[in-house]
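Listed below are the residues making up each chain.
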Amino acid sequence: MDRPQRRTDPRRRPRWYRQVGRRGWTAFAAAWGGYVLDGFDFVLITLVLTEVRAEFGLDAVQAASLVSAAFVSRWLGGMLLGALGDRYGRRAAMTASILLFSLGTLACGLAGGYGALYAARLVVGLGMAGEYSASATYVMESWPERMRGRASGFLISGYSIGTVLAAQVYSQVVPALGWRWMFYLGVLPALFALWMRRALPEAEDWEEAIAETAARPNPFRPLFTRPGGGPSPGRAALHLGLAAGAFGALLVLFTGRAGDAAWPLALFAAGALGTLAVRLGSPGHRVLYLALTVTVFAGFLYTWPIQALLPTYLKTELHYTAGQVRDVLFWAGFGTAAGCVLAGFTGDRFGPARAYALTLTASLAFVFPVFAVHDDLLLLGVLLFLLQATSFGISGLLPRYLGGHLPVERRTSGLGFVYNVGALGGAVAPLLGARLAEGRPLGQSLAVLTFGLSLLVVLLIGLDVPGRLHRLADRHPS
């Protein structure tokens, strides 16, 4: 007897991963590989910081500034490579960014002193900025709109996997060959990332936007033209001067050479970058660009004290061996990756802002317990897994949260600038942690910073402060 055929409900959609399609998964694989490389290369300096400090005779603030260096240049890389992505396509910006931070990583291994290593880290920052904005935009524009929370969260998990791989390599390579070989090995995966991107299709949203307007966008136009549309040499000179001045001020600040001028320089840099954010936003998005930048800044302040100084804390205060540090970072890295994947589903289910705020609130329960554990390696690993999953992991929604506020024709440059200017919080965080640790234990300083700043981000995103200010100031001008 023949079995009756199962009827297919025409209203029933196929599984979500089938809806993404081959093109979407190809885009994701290429971008995710770049993020793994990104995480591997970027975290290397935090792993070898104690070895570099000993070889070059650096103090605590100088050593922390090597972590901060890549953040100093990120805003510039976000602007330049983001504009490249908006004008010539997301693929071109992705390839250029991989080349930049791979060359920077090689230069780190060849550095003969503090100055050369700092300069190499600046190059790493330029490339990392472009990788973040171009790849995140590319993947989200290649996936269906209703699944872009998953695209965002899954993509950022690649960064965490890269950090885990770096920790595993560190425990084997540094004791045998020295810290420089970590950077030499960090260059090799770039060839794979470039090979994966050789024949990628362009992002659908960008292609459609270009086809509709029949012109390539110029995200820098507001910086070089009058409000009416004509060219303005004076306006261009002003904005170029602000960009150069901000970069110079940040260099002086984060190399510890500011002295008594630290506060004036910091205020000038903040004012210059804030002015550029407002001008790049142009009418209709000025306040939004500024508010999103402040939100990202606070986000980096809460995540990067632990990201940058956890290996130093484990080695100096807990006196862990290289193998123990590797094991703890393994738990932390996979906690972040798991949190990114979870963020993708919760972001699509509840919306990025609500999922972000609720999950980050849950992370507050784990902050102080992490730094209360000393001798129990397993317990410390589990607590770090939970903390990173609910705090750093939920930041996997940031590309979705930010990109959802930005128009397609300026999405890569807008995301690149807003995110990477805000990423200066990552430059401030390790220096702030090191300063606080001069008067108290490092672990206590990291706990206080992480808890307080996480609470601030909960309020900013949970109350949708950027969106509220945008609607109040830009859509209903006085």
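Not measured: the values here are computed from a predicted model.

The next point concerns the overall build of the protein. From N to C terminus, the protein includes 22 helices and 0 strands. When burial is assessed residue by residue, the protein has 57% of its 478 residues classed as buried. In the protein, the proportion of contacts linking residues at least 24 apart, taken out of those at least 6 apart, comes to 82%. Carbon and sulfur atoms form 63% of the exposed surface of the protein, whose accessible area is close to 20,000 Å².

Moving on, we come to the nonpolar core. Nonpolar side chains in soluble globular proteins tend to end up buried together. Val48 and Trp75 are the most contacted members of the largest nonpolar core, which has 139 residues in total. Not counting chain neighbours up to four residues away, the residues in contact with Trp75 comprise Ala243, Ala246, Phe247, Leu250, Leu273, Leu276, Phe417, Asn420 and Val421.

In the contact formed by helix α5 (residues 114-142) and helix α19 (residues 411-422), the axes pass within 9 Å of each other and the chain directions differ by 135°. If you check the angle between α5 and α19, you find them oblique. Judged by the twist between their axes, the crossing of α5 over α19 is right-handed. Residue-level contacts link Ala129, Tyr132, Ser133, Ala134, Ala136, Thr137 and Glu141 of α5 to Arg411, Thr412, Leu415, Gly416, Tyr419 and Asn420 of α19. Considering only residue class, the contact of α5 with α19 consists of 6 nonpolar, 5 polar and 2 charged.

All chains considered together, the criterion is met by 4 salt bridges. A salt bridge links Lys315 to Glu51, with the nearest nitrogen and oxygen atoms 3.8 Å apart. Of this pair, Lys315 sits in helix α13 (residues 286-316) while Glu51 is found in helix α2 (residues 49-56), placing the two residues 264 residues apart along the sequence. Accessibility expressed as a relative area gives 16% for Lys315, which makes it buried. Between Arg326 and Asp327 there is a salt bridge; the shortest N-O distance is 3.1 Å.

On to the environment of Gly115, then. Turning to its location among the elements, Gly115 is positioned in helix α5. A relative accessible area of 49% places Gly115 in the partly exposed class. For the pair Gly115 and Thr255, spaced 140 residues apart in sequence, the C-alpha separation works out to 9.5 Å.

On to empty space enclosed by the protein. Evaluation of the coordinates by the stated rule reveals 3 cavities of 30 Å³ or more. Roughly 230 Å³ of internal volume is contained in the largest cavity. Contributing elements (two or more residues each) for the lining of the largest cavity: α1 (16-47), α5, α6 (148-177), α13 and α18 (398-403). Its residues placed into classes, the lining of the largest cavity shows 13 nonpolar, 3 polar and 2 charged. By volume, the second largest cavity is sized at about 180 Å³. The wall of the second largest cavity is formed by 18 residues, among which Val43, Thr163, Gln307, Leu329 and Ala332 lie closest to the centre. When residues of the lining of the second largest cavity are traced back to their parent elements, those giving at least two are α1, α6, α13 and α14 (322-350). The element best represented in the lining of the second largest cavity is α6, accounting for 5 residues. Residue composition of the lining of the second largest cavity, grouped by class: 11 nonpolar, 7 polar and no charged.

Under the criterion given, the structure shown has 15 aromatic pairs. Where Phe330 meets Phe334, the ring centres are 4.8 Å apart and the plane angle is 55°; that geometry is what we call tilted. Highlighted residues: Phe330 and Phe334, both in helix α14, separated by 4 residues, approximately one helical turn. By relative accessible area, which is 37% here, Phe330 ends up partly exposed. Assessed through its relative accessible area of 32%, Phe334 is described here as partly exposed. Among the aromatic residues, those joined into a ring-pair cluster are Trp25, Phe28, Trp143, Phe154 and Phe345.

Turning our eyes to something else, we now look at helix α3 (residues 60-88). Under the 1.5 Å per step criterion, the end-to-end length of α3 is 43 Å for 29 residues, consistent within 8% with the ideal 42 Å. Burial analysis of α3 places 22 of its 29 residues in the buried class, the great majority of the element. Remark: Gly89 follows α3 within two positions and exhibits a positive phi of approximately 115°.

Before going further, it helps to spend a moment on α2. Every buried residue of α2 is listed here: Leu49, Val52 and Phe56. The buried residues of α2 occupy one face: seen down the axis, they fall within an arc of 65°. In the segment just after α2, Gly57 is the residue with positive phi, at about 65°.

As for its position among the elements, Ser171 is in helix α6. In this structure Ser171 comes out as buried when scored by relative accessible area, which is 11%. Of note is the side chain of Ser171, whose polar atom sits 2.9 Å from the backbone oxygen of Gln168. Those residues in contact with Ser171 that lie beyond four places of it in its chain are Ala322 and Arg326.

Attention shifts here to the confidence of the model for the protein. Scored by pLDDT, the protein comes out at a mean of 80, with 89% of its residues at no less than 70. A low-confidence stretch, residues 1-6 (pLDDT under 50), is modelled with 0 contacts involving residues beyond four sequence positions or located in other chains.

What counts as what
Residues numbered from 1 in each chain as written. Predicted model: local features only at pLDDT ≥ 70, side-chain atom pairs only at ≥ 80, totals over all residues. Heavy atoms only, no water. Helix = DSSP H or I, 4+ residues; strand = E, 2+ residues; numbered from the N terminus. Buried < 20%, exposed > 50% of the residue type's maximum accessible area, 1.4 Å probe, protein only. Contact = heavy atoms within 4.5 Å. Areas by Shrake-Rupley, 256 points an atom, 1.4 Å probe, with all protein chains shown as cover. Core = buried A, V, L, I, M, F, W, Y, C linked by side-chain atoms within 4.5 Å. Axes fitted to C-alpha atoms, helices over the stretch in contact; angles between N-to-C directions. Parallel < 35°, antiparallel > 145°, perpendicular 65-115°, else oblique. Left-handed = near helix turned anticlockwise from the far one by under 90°. Nonpolar A, V, L, I, M, F, W, Y, C, P; charged D, E, K, R; others polar. Salt bridge = Lys/Arg side-chain N within 4 Å of Asp/Glu carboxyl O. 1 Å grid on protein atoms, 1.4 Å probe; cavity = no way out; pocket = protein on both sides within 12 Å on 5 of 7 lines; lining within 4 Å. Points joined across faces, edges and corners; volume = space filled by probe spheres on them. Phe/Tyr/Trp six-rings, centres within 6.5 Å; stacked < 30°, edge-to-face > 60°. Expected span 1.5 Å × (residues − 1). Arc of directions from axis to C-beta. Polar contact = N/O pair within 3.5 Å; in protein donor to acceptor, adjacent residues only side chain to side chain. pLDDT = per-residue confidence, 0-100.

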